Amino acid sequence: MSASDTPDIRRHMERLAAEGVDVVRVVYPDLIGTDRARDVLLDHLPSACEHGLAFCRAVYHTTPQGDVVPVAGGLDAGLPDVSVRPDLSTAAVLPWEPGVATCLGEVTDPATSAPAPESPRDLLRTVLARCAERGLRPVVGPELEYFLLEPAPDTPTGWRRAPETTGAVYTAGLRADPGNHLLRTLRALRDLGLGVVTGNHEFDGGQYEINLTHSSALDAADRAFRFKAAVKELARQEGNLATFMAKPFGDAGGSGFHLHLSCEDTEGRNVFDDPSGAHGLSATARHAIAGILAHAPALAALANPTVNSYKRFGPDTLAPWLIDWGLDNRSTMVRIPPERGSGARLELRLGDASANPYLLIAGTIAAALLGVLAGEEPEAPLEGYGYDTTRSALLPTNLSAALDALEADTALTDILGKDFTTSFLTYKRDEVERFGRHVTDWEFTEYAYHL
């Protein structure tokens, strides 16, 4: 937003002031999908919009523990800036923080005015532009799970599930959620305008799932990003911790991030539907499935992006660890829900909740697009219960293998871009190396007394 847009900026400021807002929180996603932000007093918005807010580019290269990874363009370049300008068209009042509105920020390199190479939002835009060249408009519906934890100073981690009730699977109400966390969260997210539709207690104690409505891919990614940030903030407000970590407990299942994906043409028709096609799916849909299957090993690096992610996999976990697809089959990596017509779509069940929404959606759509361009058919859909290595190929079993698969998949990385891929691989390989040097509690318990 430039100085020429001042009247538009003033209109936004007047609207926000009328709603009691005097601070605007400008937020953007970092490389791992965590929100980075700055609070701007309302009177200073014109300056922030014209000149941008300066952030160190190395924020993209900073680990959750605050260490800066030596990614090209950060430390080696003297820690230069990126510029973040408020996108006031995304401004919304925070229901739980009086006087504060939040909006997304557009991130650029001040030296070139081009998008920052690590910007997840702009990576997704790049992939969507490739789809538009083919007359395709991806539509995405996100489903996210998370754990709510409460303080437990006497435990090794300092946290326990809230509640620890077992057996309250796929339900709602006080039996599974005695603190009414879900109801308060649903209402707050609704008031924030994130397009939430349903929520329930999930499989394990303290685990919840909230679904968002489907929309265009960038809007869906924006809402999923803001959803994760909001859920964590609402929990903090009550002294609790909401975590989207893939598998926070060894005795419980993990948390997924499932994507429902379809495509529309320029007339708004669902191009995945074809009553005369195999399984009621169009050739475009089948080619998209084939592309996701073909690029699944590389896609795992974006869908399962942490060392912890791969502890979610394994037999009887209902987390896909084999490369397969099926018709309304939840034991497969790609599930085709039974709806056809305008509801025809695929569901990628590979992702876990720790995934950056922009990167997961961008990678999935890029793989689907490569399938459409290749025009290949997938193998026959899996029948019966999956998780059989004699019938389906194995996904990478650790983050290091997934990163190697991503680097080797030049077709996918050509779409994602060299600069992004290099930054992501460098950042994540540092995570693998740091974990490899860390002595875990398991190792001490296993070895210390006897060896």
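Residues numbered from 1 in each chain as written. Predicted model: local features only at pLDDT ≥ 70, side-chain atom pairs only at ≥ 80, totals over all residues. Heavy atoms only, no water.

Draft legend 1. Examining the packing of helix 5 (residues 217-237) against helix 8 (residues 357-374) more closely. Taken N-terminus to C-terminus, the directions of helix 5 and helix 8 make an angle of 150 degrees; their axes are 8 Å apart at the nearest point. Looking at the two axes, helix 5 sits roughly antiparallel to helix 8. Helix-helix and strand crossings are classified by hand; for helix 5 and helix 8 the assignment is right-handed. Residues A217, L218, A220, A221, D222, A224, F225 and K228 of helix 5 form the contact with helix 8, whose own contacting residues are P357, Y358, I361 and I365. (Axes fitted to C-alpha atoms, helices over the stretch in contact; angles between N-to-C directions. Helix = DSSP H or I, 4+ residues; strand = E, 2+ residues; numbered from the N terminus. Parallel < 35°, antiparallel > 145°, perpendicular 65-115°, else oblique. Left-handed = near helix turned anticlockwise from the far one by under 90°. Contact = heavy atoms within 4.5 Å.)

Draft legend 2. Layout of the sheet that holds strand 2 (residues 35-41). Strand order in this open sheet of five strands is 2-1-5-4-3, and the pairing throughout is mixed. Lying at the two open borders of the sheet, with one neighbouring strand each, are strand 2 and strand 3 (53-56). Taking each pair of neighbouring strands and ignoring which way they run, the sheet shows an average axis angle of 40 degrees. By the bridge criterion, seven bridges tie strand 4 (residues 81-93) to strand 5 (residues 100-108) in an arrangement that is antiparallel. Residue A92 lies in a different strand from strand 5, and its bridge partner there is T102. Against the sheet, helix 1 (residues 6-18) contacts strand 1 (23-29), strand 4 and strand 5, and its axis sits at roughly 55 degrees relative to strand 4. Contacts between helix 3 (residues 120-133) and the sheet are confined to strand 1, strand 4 and strand 5, with strand 5 contributing the most and set at about 65 degrees to the helix. (Pairing = 2+ DSSP bridges.)

Draft legend 3. The arrangement of the state of the cysteines in detail. The full count for this structure, using the stated rule, is zero disulfides. Here C131 stays unpaired: no disulfide links it, and the sulfur of C263, its closest cysteine neighbor, is 6.1 Å away. Judged by relative accessible area, C131 falls into the buried class, the value being 2%. (Disulfide = S-S within 2.5 Å. Buried < 20%, exposed > 50% of the residue type's maximum accessible area, 1.4 Å probe, protein only.)

Draft legend 4. Local environment of a nonpolar patch on the surface. A cluster of nonpolar side chains, V68, L75 and L79, forms an exposed patch at the surface whose accessible area comes to about 220 Å². Here V68 lies in the loop between strand 3 and strand 4. (Patch = residues over 30% accessible without salt bridge, like charges linked within 9 Å, V, L, I, M, F, W, Y side chains within 5 Å. Areas by Shrake-Rupley, 256 points an atom, 1.4 Å probe, with all protein chains shown as cover. Salt bridge = Lys/Arg side-chain N within 4 Å of Asp/Glu carboxyl O.)

Draft legend 5. The arrangement of helix 6 (residues 283-294) in detail. Over its 12 residues, helix 6 extends 16 Å from the first C-alpha to the last, a length consistent with the 16 Å expected when each residue adds 1.5 Å. With nine of 12 residues buried, helix 6 is to be regarded as a mostly interior element. Along helix 6, the positions that sit buried rather than exposed are A285, R286, H287, A288, I289, A290, G291, I292 and L293. Where the residues of helix 6 are buried, they touch helix 7 (296-303), strand 13 (322-323), strand 14 (325-327), strand 15 (334-336), strand 16 (346-348) and helix 8. (Expected span 1.5 Å × (residues − 1).)

Draft legend 6. Here's a closer look at the domain arrangement of the protein chain. Partitioning the protein chain into structural domains gives domain 1 (7-117) and domain 2 (126-416). Taking only C-alpha atoms, the centre of domain 1 and the centre of domain 2 are 27 Å apart. Across the contact, 20 residues belong to domain 1 and 15 residues belong to domain 2. Together, the buried faces of domain 1 and domain 2 total about 1,300 Å²; carbon and sulfur atoms form 63% of this surface. Among the residues of domain 1 in contact with domain 2, P95, W96 and L104 are the three that bury the most area, contributing 46% of the side total. At the boundary of domain 1 with domain 2, the tally comes to zero salt bridges. Counting across the interface, domain 1 meets domain 2 through five residue pairs in polar contact (both at pLDDT 80 or more). At the level of secondary structure, the elements contributing two or more residues to the side of domain 1 that touches domain 2 comprise strand 1, strand 4 and strand 5. It is strand 1 that provides the largest number of residues to the side of domain 1 that touches domain 2, a total of four residues. (Domains from an automatic or database assignment. Buried area = accessible area lost by both parts, 1.4 Å probe. Polar contact = N/O pair within 3.5 Å; in protein donor to acceptor, adjacent residues only side chain to side chain.)

Draft legend 7. View of the environment of R137. Along the chain, the position of R137 falls in strand 6 (residues 137-151). Distance from R137 to V23, taken between C-alpha atoms, is 35 Å for residues 114 residues apart in sequence. Among all residues touching R137, those that are not within four sequence positions of it are S216, S262, C263 and E264. A distance of 2.3 Å separates the side chain of R137 from the side chain of E264, its partner in a polar contact.

Draft legend 8. Quick look at helix 11 (residues 418-437). Here helix 11 is 20 residues long and its end C-alpha atoms lie 29 Å apart, about the 28 Å a rise of 1.5 Å per residue gives. Taken as a whole, helix 11 has its buried residues at F420, T421, S423, F424, L425, Y427, K428, D430 and E431. Residues of helix 11 that are buried make contact with helix 3, helix 7, helix 8, helix 9 (399-408) and helix 10 (410-416).

Draft legend 9. Spotlight on the nonpolar core. Grouped together as the largest cluster of nonpolar side chains are 105 residues, with contacts concentrated most on F227, M333 and I365. Taken together, domain 1 (7-117) and domain 2 (126-416) each give at least three residues to this core, which thus spans both. I365 has contacts with L124, V127, L128, C131, P138, V140, A217 and L261, leaving out every residue within four places of it along the chain. V26, V40, V59 and A91 belong to the second-largest nonpolar core, a separate cluster that totals 24 residues. (Core = buried A, V, L, I, M, F, W, Y, C linked by side-chain atoms within 4.5 Å.)

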